[in-house]
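# Examination of the molecular architecture
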Amino acid sequence: MESTMVLTEDEALELLAFLVTAARTQLDEAAEYGPLRLLTAAGRLADFMTGRASPATQQLLTGPLRALPDAALRSVDPAKYSTELDAVCEAVGEHLVNHFGGGAR
Amino acid sequence: MSNAVLEAIRTRRMVRALTDAPVPREQVEQILESARWAPSAGNRRLHRFVAIQDPVTLRLLRMVSPGMFQRPRAVIAICIDGQRARSFGMSPTARGLYVDVGTAAQTMLLAAHSIGLGAGVVTSFSRAAVSVVLNLPTGFSPEMFICLGFPAARQPPAIRPRTPVTWQILSHWERFP
């Protein structure tokens, strides 16, 4: 399957800078910030991709990926936070299988 | 009797969503002026502030600041002047220097609140990258950003404490039991 370019160089640089600097800041920060930083990066990537990705990926970006649990939830209800994150991961997995055609269904 | 200072302390919040409206330079100057009156150990004034309003610089700062969720229209970077600290015989990493970062920050947050601006602090950024972006002199260390703008109508949910907080919970009289 031909793949579409979904990031400009500026956008890719922005994400690259975020990821590298997050690796450094995480050395000094509370461990609970780890997932938060990764989800922030995922959210920004999704924002960049929206409007350029295939219709199916678009559905993932505007559907399940918009349902990322709020960071505040982690401190008040860690179990619910995990459950909601699992639901997003499940949706991502489903999309990967459909997109790449892997796995027996 | 109402007390404007206590009321400002009670009603100030970390503002994480800001509008696109620009912050007038005069307001940034008012906040910087307030920081001039913040407590400073020994009145040594070992901190320097960098005010940023240029959109490109703001964008670059956000790129290297994983903790900056908001899109501020102005930022004040609180920096420790390490060389000046050494001139007083202090280590650039002495605890007192960080206390004064806090007193300057809280003073600016209250000042921003009092003039109708939303403000939030960010400490999660790469000091190395920020030093390059702001062209900081050798020995300067950026320690905190005060992100400024006009508060958006909708704010993300507040981070609630794990247990209710009262002053009684936080405080003890005379000594711990």
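Figured I'd write up the structure that's included with this text.

With that settled, the discussion passes to the interface of chain A and chain B. Each partner contributes to the interface: chain A provides 14 residues, whereas chain B provides 13 residues. Among the secondary structure elements, those contributing two or more residues to the side of chain A that touches chain B are helix 1 (9-26), helix 2 (33-49) and helix 4 (71-76) of chain A. With seven residues, helix 1 of chain A is the single largest residue contributor to the side of chain A that touches chain B. Along the lines of polarity and charge, the residues of the side of chain A that touches chain B split into five nonpolar, four polar and five charged.

Before going further, it helps to spend a moment on the packing of helix 2 (residues 25-36) of chain B against helix 5 (residues 95-114) of chain B. Residues and elements named next belong to chain B. At a minimum axis distance of 8 Å, the contact between helix 2 and helix 5 shows a crossing angle of 140°. Here helix 2 is positioned oblique relative to helix 5, judged by the angle of their axes. Relative to helix 5, the crossing made by helix 2 is right-handed. Contacts from Gln30, Ile31, Ser34 and Ala35 in helix 2 reach Ala104, Thr107, Met108, Ala111 and Ala112 in helix 5. Grouping the amino acids of the contact of helix 2 with helix 5 by side-chain chemistry returns six nonpolar, three polar and no charged.

Residue and element names in this part refer to chain B. In this structure, Leu110 sits in helix 5. A count of 17 C-beta atoms within 10 Å places Leu110 in the partly exposed class. Each C-alpha atom, one on Leu110 and one on Trp173, is 28 Å from the other, the two residues being 63 residues apart in sequence. Not counting residues within four places of it along the chain, the set of residues in contact with Leu110 comprises Ala8, Ile9 and Arg12.

Residues and elements named next belong to chain B. The strand order across the open sheet formed by four strands is 1-2-4-3, and the pairing between neighbours is antiparallel. For this open sheet the edge positions go to strand 1 (47-52) and strand 3 (118-122), each flanked by a neighbour on one side alone. When the angles between neighbouring strand axes are averaged without regard to direction, this sheet yields 25°. Where strand 2 (residues 74-81) meets strand 4 (residues 140-149), eight bridges bridge the pair, whose relative direction is antiparallel. By the bridge assignment, Ala74 is partnered in strand 4 with Leu148. Packing against the sheet, helix 5 makes contact with strand 1, strand 2, strand 3 and strand 4, and its axis sits at approximately 15° to strand 4.

So, how was this worked out
Every chain's residues receive numbers from 1 upward, in the order its sequence appears when written. Chains and ligands are labelled sequentially in the order written, the chains with letters from A and the ligands with numbers from 1. pLDDT decides what is reported in this predicted model: residues at 70 or higher carry local features, side-chain atom pairs at 80 or more are listed and counted, and totals for whole chains, interfaces and linings draw on all residues regardless. By definition, residues are in contact whenever their C-beta atoms, placed on the basis of the backbone, come within 7 Å of each other. Numbering of helices and strands starts at the N terminus; helices are DSSP runs of H or I of at least 4 residues and strands are runs of E of at least 2. Just so you know the grouping, Ala, Val, Leu, Ile, Met, Phe, Trp, Tyr, Cys and Pro go in nonpolar, Asp, Glu, Lys and Arg go in charged, and all remaining residues, Gly too, go in polar. Throughout, an axis means a line fitted to C-alpha atoms (over the contacting stretch in the case of helices), and angles, computed between N-to-C directions, take values from 0 to 180 degrees. To sort the angles, those under 35 degrees are grouped as roughly parallel, those over 145 as roughly antiparallel, those from 65 to 115 as roughly perpendicular, and the leftovers as oblique. Left-handed describes a crossing in which the near helix is turned anticlockwise from the far one by less than a right angle; the clockwise case is right-handed. Note on burial: count the other C-beta atoms lying within 10 Å of the residue's C-beta; 20 or more is buried, 12 or fewer is exposed, in between is partly exposed, and C-beta positions come from the backbone. Between any two strands, pairing holds if DSSP finds at least two bridges.

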